[in-house]
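# Report on the structure
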Amino acid sequence: MPGLLRGVARTAVVAGTATAVSNRVSRRQAGRWAQQDNGQQQQYQQQPQQPPAPAPAPPGDDMSTKIEQLKQLGDLKAQGVLTEEEFEAQKRSLLAT
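Let me sum up the structure you'll find in this document. Remember, it's a predicted structure, so these values are computed and weren't measured experimentally.

### Topic: the overall build of the chain
Summing up its helical and strand segments, the chain has 3 helices and 0 strands in all. Counting from the amino terminus, the chain carries its helices and strands in the arrangement α-α-α. Taken over 97 residues, the chain has a buried fraction of 7%.

### Thoughts on the packing of helix α2 (residues 62-79) against helix α3 (residues 84-96)
Two elements in contact, α2 and α3, have axes separated by 10 Å at closest approach and are oriented at 175°. By the angle between their axes, α2 is roughly antiparallel relative to α3. Contacts between α2 and α3 involve K66, Q69, L70, L73, G74 and K77 from the first element and E84, F87, Q90, K91, L94 and L95 from the second. In terms of residue class, the contact of α2 with α3 is built from 5 nonpolar, 3 polar and 4 charged.

### Digging into a positive patch on the surface
A surface patch of like charges, here positive, comprises R24, R27, R28 and R32. When you line up the elements, R24 lands in helix α1 (residues 2-46). For R24, a relative accessible area of 53% gives the class exposed.

How each quantity is defined
- Residues numbered from 1 in each chain as written.
- Predicted model: local features only at pLDDT ≥ 70, side-chain atom pairs only at ≥ 80, totals over all residues.
- Heavy atoms only, no water.
- Helix = DSSP H or I, 4+ residues; strand = E, 2+ residues; numbered from the N terminus.
- Buried < 20%, exposed > 50% of the residue type's maximum accessible area, 1.4 Å probe, protein only.
- Axes fitted to C-alpha atoms, helices over the stretch in contact; angles between N-to-C directions.
- Parallel < 35°, antiparallel > 145°, perpendicular 65-115°, else oblique.
- Contact = heavy atoms within 4.5 Å.
- Nonpolar A, V, L, I, M, F, W, Y, C, P; charged D, E, K, R; others polar.
- Patch = residues over 30% accessible without salt bridge, like charges linked within 9 Å, V, L, I, M, F, W, Y side chains within 5 Å.
- Areas by Shrake-Rupley, 256 points an atom, 1.4 Å probe, with all protein chains shown as cover.
- Salt bridge = Lys/Arg side-chain N within 4 Å of Asp/Glu carboxyl O.
- Lys, Arg positive; Asp, Glu negative; His and termini not counted.
- Charge placed at Lys NZ, Arg CZ, Asp CG, Glu CD.

Below, the structure written as structure tokens:
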């Protein structure tokens, strides 16, 4: 009978240790995931909003309106609001009309 009790006690210790380690690993992993989620949310919030596309030009003074819009796009690019690719895409769409 003492051998049986020793075996049961050893099994209980091993099972308890395994449970404790498993819980600790789960908590640590959940903490890491939470940090990643917070980092991604902060990064998303820090990204600048896309500026609205320039409004279509009124039918009146078309060329001066396009020049003014190009100047505004250039200012936005200089301020860092628009990337080079966004600036070029807006410029192409503006000049195509």
